[in-house]
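# Understanding the architecture of this molecule
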Amino acid sequence: FPGAKPAAIASDGRHLWALDAGNREILELDLNDPRRVLYRLPLREYRSGDWRPTGLAWDGTSFWSAAEAAGGLDRPGRIFRHLVSEKSLGAP
């Protein structure tokens, strides 16, 4: 894994994407060589360290990540929406 701490993977039908909980970003991975990162999407929602990303989904337009409270805090989980530019998705 080319990131720090893998948390989840998803596909948009053409690309493989991984949620890196350690670096708080989504990585687009090369299907022929998943060790190679093609694109990085930093996740500002996790910058504070209050939330730990645990899941990833693609709805055809955006990524969605599931999160739980970091540090053992007893709080309800969260779901965050992450927009990705058309260019990063291989659009012309």
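Refer to the structure presented above.
Residues numbered from 1 in each chain as written. Predicted model: local features only at pLDDT ≥ 70, side-chain atom pairs only at ≥ 80, totals over all residues. Heavy atoms only, no water.

What the chain contains, in helices and strands, is zero helices and seven strands. If you list the helices and strands of the chain from N to C, you get β-β-β-β-β-β-β. The C-alpha atoms of the chain give a radius of gyration of 13 Å, which matches the 12 Å a tight globule of 92 residues would have. Overall, the chain is about 45 × 25 × 20 Å in size when its C-alpha atoms are taken along their principal axes. Every one of the 92 residues in the chain was classed for burial, and the buried ones make up 38%. Of the contacts made within the chain by residues no fewer than 6 positions apart, 34% connect residues no fewer than 24 positions apart. Put simply, the chain shows about 5600 Å² of open surface, and 49% of that area lies on carbon and sulfur atoms. (Helix = DSSP H or I, 4+ residues; strand = E, 2+ residues; numbered from the N terminus. Rg over C-alpha atoms; globule rule 2.2 N^0.38 Å. Buried < 20%, exposed > 50% of the residue type's maximum accessible area, 1.4 Å probe, protein only. Contact = heavy atoms within 4.5 Å. Areas by Shrake-Rupley, 256 points an atom, 1.4 Å probe, with all protein chains shown as cover.)

A few words now on the nonpolar core. Among the nonpolar cores identified, the biggest contains 16 residues, and Ile26, Leu56 and Phe63 are the most heavily contacted of them. Contributing elements (two or more residues each) for this core: strand 1 (6-11), strand 2 (16-20), strand 5 (51-58) and strand 6 (62-69). Once residues within four sequence positions are removed from consideration, isoleucine 26 is found in contact with Trp17, Ala18, Leu19, Tyr39, Arg40, Leu41, Leu43, Leu56, Phe63 and His82. (Core = buried A, V, L, I, M, F, W, Y, C linked by side-chain atoms within 4.5 Å.)

Pairing within the open sheet is antiparallel, and its four strands lie in the order 1-2-3-4. Pairing within the sheet leaves two strands with one partner each, and these edge strands are strand 1 and strand 4 (37-42). Pairwise comparison of adjacent strand axes, ignoring direction, gives a mean angle of 25 degrees for this sheet. Note that strand 3 (residues 25-29) and strand 4 share five bridges and pair antiparallel. From the neighbouring strand, glutamate 28 faces strand 4, where its bridge partner is tyrosine 39. (Pairing = 2+ DSSP bridges. Axes fitted to C-alpha atoms, helices over the stretch in contact; angles between N-to-C directions.)

A few words on the side chain of glutamate 25. Structurally, the position occupied by glutamate 25 is in strand 3. One polar contact links glutamate 25 to arginine 40, side chain to side chain, over a distance of 2.6 Å. Glutamate 25 has contacts with Ala18, Leu19, Asp20, Arg40, Leu41, Pro42 and Leu43, leaving out every residue within four places of it along the chain. (Polar contact = N/O pair within 3.5 Å; in protein donor to acceptor, adjacent residues only side chain to side chain.)

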